[in-house]
Every structure is written in C-alpha cells, then in structure tokens.
Amino acid sequence: MFFRLFGNYLKDKNLLDEAQLEALMQYRRENRVKLGMLAVEKGLMTAEQAEEVNRLQAVQDKRFGEIAIEKFYLTPADMDALIKAQGNPYYLFLQAVQEKGFLAKDKLNELLLAYQEEESLTGAQLETVKSGTVDEVADVFLQADNSHAENLIKLAIRNLVRFVSSDICFGRIVKTDKFAAAQMASQKIESTTAIQLALTSENSELLELACIYGKEEFDTLDADAYDAVCEFINCNNGLYTRTHSTLCCELELLPPTFEEQAAWEGVIYCLDVCVNNKLITVAVKIG
C-alpha cells in the first residue's frame with residue numbers, strides 16, 4: 001500500500017507524473033529489496049562492502065549472503081533478519097526511485113517528513129504507514145465518531161484487498177450531512193438504528209470492481225455489473241452482521257439495491273478509495 005499511498009502524494013506534489021508512478025507500481029510487482037542495499041540501509045554493512053560482495057558475485061557462483069558471511073561482514077543472524085525484511089515496501093520504494101533516477105534518498109527522506117507533518121502522524125504511525133499491512137494502515141487513518149461506520153468501512157477495505165486488489169490506497173473518513181453520486185450500489189442493515197453501506201463512483205469506476213469480483217468482463221455498468229458490486233456489498237455486510245449481532249443487537253440485511261444520480265441526507269461517513277488507480281467512494285449512512 002505504501003507505493004500507491006506515498007506515490008500519489010508525490011504525484012500530487014508534481015514530483016512524479018502518472019507514467020513514473022505506474023513504472024514504480026510495475027517495479028513493485030517484479031522486484032524485491034536487494035540484500036546489499038538493505039544491509040547498508042540497516043547499518044550492517046558499508047556501501048563499499050556491499051559493492052565488493054556484488055563484484056565477487058559476478059565471478060563466483062555464490063549468493064550475496066554466503067559471500068558476506070565468508071567475509072565476516074554479516075552473521076547468519078543478520079542474514080535471517082535481512083531476508084525477513086526483503087518484503088518491506090518502504091525499502092523497495094527507496095530502491096525503485098533511486099534505480100529509476102526519480103528521487104535521491106535525501107530528497108525522499110525530506111519528503112517523508114513533510115508527508116508526516118501534513119498528515120499529523122507520529123513517528124510510530126509513520127513507520128506503520130511505511131511497512132504495515134493494510135489493516136494496520138487503516139487503524140492509523142480510519143477513525144470516525146460512530147463505531148458502526150468506522151468498523152464497516154474498515155471491513156470493506158479489508159475485503160477489497162482480499163477479493164479485488166492489493167493495489168489500494170485511501171485517505172481519511174469524512175463526516176457530512178449530504179452526499180451525492182452518479183452511480184451507487186448499496187444495502188441497508190436494519191437495527192435499532194439503520195445502517196446503510198454504499199459503494200459509489202462518478203464515471204463508472206465501479207465497473208473495475210464488478211469485473212474482478214464478478215469474474216466476468218462487463219463492458220458497461222449495467223444491471224449485471226451492479227449485481228456483482230451488490231454481491232460484494234452483501235458479502236461484506238453479511239460478515240459484519242454475523243459478528244455484531246453476536247456482540248450487541250440483532251442486525252438484519254435487506255436486499256441490496258442500485259441506482260444512478262443518488263442523493264443522501266443525514267449522518268453520512270465517506271471514504272475515497274483508489275482501487276487499481278480507479279477512484280470509488282465507500283459511504284455509510286446512519287439512521
């Protein structure tokens with residue numbers, strides 16, 4: 001998630017263009033952090049030692065770690081820790097922007113501090129954003145003054161990652177009293193206070209979700225495509241009601257519906273979410 005989240009921030013600052021950001025996303029899919037780079041970043045080796053090991057690799061049929069241990073630059077325990085850290089998205093992002101010549105390390109760190117200040121993140125929260133799972137990042141960004149709205153939106157994010165795409169990013173939950181959307185699929189949960197979850201878009205971006213979740217190539221956002229989106233919402237809300245009916249009060253699902261040029265008024269919580277670089281909104285209405 002860090003690639004898309006911080007990459008979008010850099011694009012908004014005109015420090016990356018769309019083509020560069022997509023090149024970084026492709027790099028993320030095809031590469032892992034190089035052990036030499038990681039060892040230097042973690043202070044276990046000098047840049048000169050890492051370069052020496054890389055040169056020896058070119059003439060010896062041995063792995064980086066084998067040579068580094070033989071040279072007493074690393075211990076086996078160091079290597080175990082480095083291998084576990086190879087999936088760290090921040091270090092992979094740092095490697096990618098340097099290899100592609102987009103940003104220098106010092107500039108990247110400067111921008112990270114600016115991002116931290118703009119988002120009012122603590123040091124611990126920034127580390128979570130840099131290396132955490134989607135669930136952990138959601139806990140940093142997604143808070144609302146209504147627990148049903150917060151938990152239902154967080155569950156929708158988890159299920160988008162689970163069933164649709166890991167290429168996802170989001171901002172903050174916004175509370176409003178009016179909300180409108182060009183396309184909306186939604187479902188109401190009946191309880192002592194009604195809860196309604198919707199997925200919406202402005203230019204048929206819901207079609208991306210429909211095609212992936214429905215495992216079918218829809219050409220337009222028609223009734224069949226909306227049915228696929230509604231099925232996702234029904235699955236999400238079914239999981240929610242099973243958990244919360246046990247914990248608190250009885251919750252009942254009504255049939256999902258879809259409409260165009262929809263408008264809500266009342267207590268509404270909205271979250272803009274980019275899925276595969278397509279912007280949709282997750283909205284929850286209370287009451």
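Okay, so let's go over this structure. Each chain carries its own residue numbering, running from 1 in the written order of its sequence. Local features in this predicted model are restricted to residues of pLDDT 70 or higher, and side-chain atom pairs are both shown and tallied only at a pLDDT of 80 or more, whereas totals for entire chains, interfaces and linings draw on every residue. Side-chain calculation: all heavy atoms of the structure are included, whereas hydrogens and water are not.

Strands were regarded as paired on the criterion that DSSP finds at least two bridges between them. Helix and strand labels come from DSSP, where a helix needs a run of H or I of at least four residues and a strand needs a run of E of at least two; each type is numbered from the N terminus. Inspection of the sheet shows strand 1 (residues 168–170) paired to strand 5 (residues 257–275) by three bridges, in the antiparallel sense. Looking across to strand 5, one finds that Cys-169 is bridged to Cys-274. As defined by bridge partners, strand 2 (residues 174–190) adjoins strand 5 across 11 bridges and the pair is classed as antiparallel. From the neighbouring strand, Ala-181 faces strand 5, where its bridge partner is Ala-262. Looking at chain direction, strand 5 and strand 6 (residues 278–286) are connected through nine bridges and run antiparallel. Of the residues in strand 6, the one forming a bridge with Val-275 is Lys-278.

Definition used in this section: a nonpolar core is a set of buried Ala, Val, Leu, Ile, Met, Phe, Trp, Tyr and Cys residues joined via side-chain atoms within 4.5 Å. Relative accessibility decides the category of a residue: with a 1.4 Å probe and only protein chains considered, values under 20% of the type maximum give buried, values over 50% give exposed, and everything between is partly exposed. The biggest cluster of nonpolar side chains holds 91 residues, and the ones touching the most others in it are Phe-6, Leu-160, Phe-170 and Val-273. With eight residues, helix 13 (residues 223–247) is the single largest residue contributor to this core. In this description, contact between two residues means that some pair of their heavy atoms is separated by no more than 4.5 Å. For Phe-170, the contacting residues outside a window of four places in its chain are Met-1, Leu-5, Val-134, Val-137, Ala-138, Phe-141, Leu-142, Ile-157, Leu-271, Asp-272 and Val-273. Ranked by size, the runner-up nonpolar core spans nine residues in total, among them Phe-179, Met-184, Ala-262 and Trp-264.

A water-sized probe, rolled over the atoms, reveals where empty space remains. With a 1 Å grid spanning the protein atoms alone, the term cavity applies to any set of points in which a 1.4 Å probe fits but cannot get out, the term pocket to an open set with protein on both sides within 12 Å along at least five of seven lines, and the term lining residue to any residue with an atom within 4 Å of a point. Grid points are joined across faces, edges and corners, and a volume is the space filled by probe spheres set on the points. For the largest pocket, the calculated volume is near 340 Å³. Secondary-structure elements contributing two or more residues to the lining of the largest pocket are helix 1 (2–12), strand 1 and strand 5. Here the residues of the lining of the largest pocket sort into eight nonpolar, three polar and five charged. What the second largest pocket holds in volume is close to 150 Å³. Taken together, Lys-34, Gly-36, Met-37, Ala-47, Ala-50, Glu-51, Asn-54, Gln-95, Gln-98 and Glu-99 make up the full set of residues lining the second largest pocket. With four residues, the single largest contributor to the lining of the second largest pocket is helix 4 (residues 47–57). Each residue receives one of three labels: charged for Asp, Glu, Lys and Arg, nonpolar for Ala, Val, Leu, Ile, Met, Phe, Trp, Tyr, Cys and Pro, and polar for the others, Gly being one of them. Across the lining of the second largest pocket, the residue classes break down as three nonpolar, four polar and three charged.

Here is the rule: rings of Phe, Tyr and Trp (six-membered ring for Trp) pair when centre to centre is within 6.5 Å. Planes less than 30 degrees apart are stacked, more than 60 are edge-to-face, and the remainder are tilted. If you walk through the whole model with that rule in mind, you get 13 aromatic pairs. Between Phe-6 and Tyr-9 the ring centres are 5.6 Å apart and the planes differ by 20°, which places this aromatic pair in the stacked class. Linking Phe-6 with Tyr-9, this pair stays in helix 1, spanning three residues, or about one helical turn. You'll find Phe-6 and Tyr-9 in the same group, each marked buried. Each ring, one from Tyr-213 and one from Phe-232, has its centre 5.4 Å from the other, and the planes form 90°; the classification is edge-to-face. Highlighted residues: Tyr-213 in helix 12 (residues 206–214) and Phe-232 in helix 13, separated in sequence by 19 residues. Phe-232 carries the same exposure label as Tyr-213, and that label is buried.

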